[in-house]
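An overview of the molecular structure
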Amino acid sequence: MLRNAKINALRIAQLTVAAIMAAAAPVCFTLAAPARAAVVDVQCVGSFNRSFSPAVTVTPQNVTVTEGFDYDTCVIGPSATGAATITVSLSCVPVTAAPPETETVTWNDATGGTSTISWSAPTVVGQTVIFTGTVTAGRFAGDSATKVTSGISYLGSVVGCLLGTPVSNTTGLVASIVLTQ
């Protein structure tokens, strides 16, 4: 009889362990799967220029802004140039964030090609402008995109603009552009 009790206890223990293992198996396999790290396809710095037509004055008006970007120093990926054009209501002050825009990037390497990046409306903090978006077509399609710029010449132009000298162009730095999978 004692032997039967030991066998029953052993069976209960085995069944309990088997049930725990069966319940834990999905968790173990889920936890064991490695996390996928983001892959950086492009990481560059550079410069930009913007021209305004008509020139920005103290009176708000619709202005066509033509942008040129030079992503010439890259630690990952090829160098490139970018271009975008938007129309926005502008005046000397207050400086407002631009609307969403689409940039065409042309890659300067043997494989060449272009990418189309759809940028959301940027966030402006002082002279720093932060863009986030997605590569919607061409090379690196599907990548997430982030760009940080600093408009070093516009702030100096504001005083002149307020005193009657319209702003027809500005320049600045691209602190980073990063495309990740």
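Just above, that's the structure.
This write-up is about the structure you can find in this document. No experiment lies behind these values; they were computed from the predicted model shown.

A contiguous nonpolar surface patch, about 230 Å² in accessible area, is contributed by V40, V75 and I76. Within the secondary structure layout, V75 lies in strand β2 (residues 61-76).

This brings us to the environment of G133. Inspection of the secondary structure assignment puts G133 in strand β7 (residues 128-138). A relative accessible area of 15% places G133 in the buried class. It is 9.5 Å that separates the C-alpha atoms of G133 and P122, two residues lying 11 residues apart in sequence. Every residue in contact with G133, bar those within four places of it in the chain, is listed here: S118, W119, D143, S144 and A145.

Before going further, it helps to spend a moment on the state of the cysteines. Tallied over the full model, the rule gives two disulfides. Across a sulfur-sulfur distance of 2.0 Å, C44 and C74 are joined as a disulfide pair. An S-S torsion of about 100 degrees defines the bridge between C44 and C74 as right-handed. Of this pair, C44 sits in strand β1 (residues 40-56) while C74 is found in strand β2, placing the two residues 30 residues apart along the sequence. For C44, a relative accessible area of 2% gives the class buried. Each sulfur in the disulfide pair C92 and C161 lies 1.6 Å from the other. The disulfide joining C92 to C161 has a torsion of about -60 degrees about its S-S bond and is therefore left-handed. Linking C92 in the loop between β3 (80-90) and β4 (101-107) with C161 in helix α2 (residues 154-162), this pair joins segments that are 69 residues apart in sequence. On the basis of relative accessible area, C92 is assigned to the buried category, the value being 0%. The buried category is assigned to C161, whose relative accessible area is 3%. Along the chain, the cysteines engaged in disulfide bonds are linked according to the scheme 1-2, 3-4 when indexed in sequence order.

What follows deals with the side chain of T149. Mapped onto the elements, T149 comes out in strand β8 (residues 144-150). In this structure T149 touches F48, R50, Q127, T128, V129, F131, L173, V174 and A175, once residues within four positions along its chain are discounted.

With that settled, consider the pattern of salt bridges. What the rule picks out here adds up to three salt bridges. With a closest N to O distance of 2.6 Å, R50 and E67 form a salt bridge. On the criterion of sequence distance, the pair formed by R50 in strand β1 and E67 in strand β2 is long-range, its members being 17 residues apart. Just as R50 is buried, E67 falls in that class too.

Cut-offs applied
For every chain, the first residue of its written sequence is number 1, and the numbers climb from 1 along that sequence. Note on the predicted model: pLDDT of at least 70 is required for a residue's local features to be given, and 80 or more for side-chain atom pairs to be given and counted; whole-chain, interface and lining totals, by contrast, use all residues. Excluding hydrogens and water, the side-chain values take into account all heavy atoms of the structure. Here a patch means residues that are over 30% exposed by relative accessible area and free of salt bridges, tied together within 9 Å if like-charged and within 5 Å if nonpolar (Val, Leu, Ile, Met, Phe, Trp, Tyr). Note on areas: Shrake-Rupley, 1.4 Å probe, and residue coverage restricted to the protein chains presented here. When a carboxyl oxygen of Asp or Glu lies within 4 Å of a side-chain nitrogen of Lys or Arg, that pair is called a salt bridge. The secondary structure listing takes helices from DSSP runs of H or I that are at least 4 residues long and strands from runs of E that are at least 2 residues long, numbered from the N terminus. Only protein chains enter the accessibility calculation, which uses a 1.4 Å probe. A residue is then buried if its area is under 20% of the maximum for its type, exposed if over 50%, and partly exposed in between. We call two residues contacting when some pair of their heavy atoms lies within 4.5 Å. The disulfide definition used here is simple: a pair of cysteine sulfur atoms within 2.5 Å.

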